[in-house]
Amino acid sequence: MKFRPCIDIHEGKVKQIVGGTLDDELGAETNFIAEQDSSFFGRLYRNCNMPGGHIILLDKAGSPGYIEDVRAAELAIKEYPGGFMIGGGVTSENAADFIALGVSHVIVTTYLFKDGYINYERLEKLVNLVGKEHLVLDLSCRKKEDGNYYVVTDRWQKYTDTVVCHETLDQLKQYCDEYLIHAVDVEGKRNGVERDLIEILGTWENNIPVTYAGGISSFEDLDMIYELGNNKIDVTIGSALSIFGGDMDFKEVVLYMENRK
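Residues numbered from 1 in each chain as written. Predicted model: local features only at pLDDT ≥ 70, side-chain atom pairs only at ≥ 80, totals over all residues. Heavy atoms only, no water.

Describing the overall build of the protein
Looking only at helices and strands, the protein features eight helices and 15 strands. In terms of overall size, the protein behaves like a compact globule, its C-alpha atoms giving a radius of gyration of 17 Å where 261 residues would be expected to give roughly 18 Å. Along the three orthogonal principal directions, the C-alpha set of the protein runs to about 40 × 40 × 35 Å. Here the protein, with 261 residues, has 56% of them falling under the buried criterion. Of all intrachain contacts in the protein linking residues separated by at least 6 positions in sequence, the fraction that spans at least 24 positions is 66%. Of the roughly 11,600 Å² of accessible surface on the protein, 45% is carried by carbon and sulfur atoms. (Helix = DSSP H or I, 4+ residues; strand = E, 2+ residues; numbered from the N terminus. Rg over C-alpha atoms; globule rule 2.2 N^0.38 Å. Buried < 20%, exposed > 50% of the residue type's maximum accessible area, 1.4 Å probe, protein only. Contact = heavy atoms within 4.5 Å. Areas by Shrake-Rupley, 256 points an atom, 1.4 Å probe, with all protein chains shown as cover.)

Quick word on the sheet that holds strand E14 (residues 210-213)
One open sheet holds the 10 strands; their spatial order is E3-E2-E1-E4-E5-E6-E9-E13-E14-E15, and the pairing between them is mixed. Each of the sheet's edge strands pairs with one partner strand only, and the pair in question is strand E3 (30-33) and strand E15 (233-236). Mean inter-strand twist for the sheet, computed between neighbouring axes without regard to direction, equals 30 degrees. Inspection of the sheet shows strand E6 (residues 105-108) paired to strand E9 (residues 135-138) by three bridges, in the parallel sense. If you follow Ile-107 over to E9, its bridge partner there is Val-136. (Pairing = 2+ DSSP bridges. Axes fitted to C-alpha atoms, helices over the stretch in contact; angles between N-to-C directions.)

Remarks on the side chain of Thr-211
The topology assignment puts Thr-211 in strand E14. Residue Thr-211 is classed as buried on the basis of its relative accessible area, which comes to 0%. Contacts of Thr-211, omitting those with residues within four sequence positions, involve Arg-4, His-54, Glu-178, Tyr-179, Leu-180, Ile-181, Asp-234, Val-235 and Thr-236.

Observations concerning the packing of aromatic side chains
For the structure shown, the criterion picks out 10 aromatic pairs. Seen from their ring centres, Phe-41 and Phe-244 are 5.4 Å apart, and the 25 degrees between their planes marks the pair as stacked. With a gap of 203 residues between them, Phe-41 in helix H1 (residues 38-47) and Phe-244 in the loop between E15 and helix H8 (250-260) connect regions that are remote in the sequence. Comparing Phe-41 with Phe-244 shows no difference in burial state: the two are buried. Taken together, the ring pairs connect Phe-3, Tyr-45, Tyr-80, Phe-84 and Phe-250 into an aromatic cluster. The lysine or arginine in question, Lys-144, covers the ring of Tyr-159, its NZ or CZ lying 4.8 Å from the ring centre. (Phe/Tyr/Trp six-rings, centres within 6.5 Å; stacked < 30°, edge-to-face > 60°. Lys NZ or Arg CZ within 6 Å of the ring centre and 35° of its normal.)

Points about the pattern of salt bridges
Throughout the structure, instances matching the rule amount to 11 salt bridges. Between Arg-43 and Glu-79 there is a salt bridge, with its nearest N and O atoms 3.3 Å apart. Of this pair, Arg-43 sits in helix H1 while Glu-79 sits in helix H2 (residues 64-79), and the two are 36 residues apart along the sequence. Its relative accessible area of 31% is what places Arg-43 among the partly exposed residues. Of the charged contacts in the structure, one is a salt bridge between Arg-142 and Asp-185, with a shortest N-O distance of 2.8 Å. Linking Arg-142 in strand E10 (residues 141-143) with Asp-185 in the loop between strand E13 (178-182) and helix H6 (195-202), this pair joins segments that are 43 residues apart in sequence. Since its relative accessible area comes to 26%, Asp-185 is described here as partly exposed. One network of salt bridges, in which partners are shared, links Arg-4, Glu-178 and Asp-234. (Salt bridge = Lys/Arg side-chain N within 4 Å of Asp/Glu carboxyl O.)

Interpretation note: all reported values are geometric properties and have no functional meaning in isolation.
So this is what it looks like as structure tokens:
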């Protein structure tokens with residue numbers, strides 16, 4: 001179990017939002033806006049020797065806000081070359097450019113789906129462009145009334161027909177180096193994690209890393225992820241972390257994770 005730091009960027013600023021509220025026209029419900037620019041967090045994570053963090057660009061690709069997001073991301077990457085992965089608007093057109101900026105991986109979701117289904121032609125194209133060793137699949141999901149978790153795309157607003165289950169994880173692992181999975185319905189709300197989703201991930205016989213994000217608000221939540229995840233699931237913490245205005249002290253989280261290795 002490892003701690004994966006994050007830098008979420010919206011309108012060129014480091015922010016923490018309630019993920020399911022993100023709207024291209026209306027903006028998003030915001031929990032925190034950092035006074036520091038992204039380079040501060042890049043240095044912080046480098047000094048703590050915490051590779052494998054996620055930079056997420058929250059604005060719509062091609063928008064003025066997205067251009068500012070990329071500029072902000074570059075500041076963090078320069079502080080910690082090779083220490084970050086980047087996601088948000090990644091396609092076959094820009095994936096190689098992001099790798100050239102100095103990230104270890106690109107993170108993709110929406111680009112991989114067409115009409116609700118996985119587009120394997122696009123997936124294979126990405127693998128050929130950057131290599132599976134540089135590719136993370138973001139299977140962020142929401143729970144439906146049937147009890148299954150379905151991957152959501154397009155700012156986490158559109159459901160696909162892809163269920164997050166052992167079969168899907170087995171099917172896609174040949175194309176990627178890692179999975180990143182946000183529990184969208186609790187993302188940014190700081191009121192607890194998706195226990196059922198963690199159990200699915202924790203019982204998968206994985207041989208690639210899986211990172212869970214969403215709803216973590218306490219060390220009790222971390223204990224639950226550690227136990228239900230069988231010490232196989234990495235975590236990222238956003239709004240609950242002290243550096244983002246939350247109650248969980250950053251240094252204590254780092255120490256907790258060190259003791260879980």
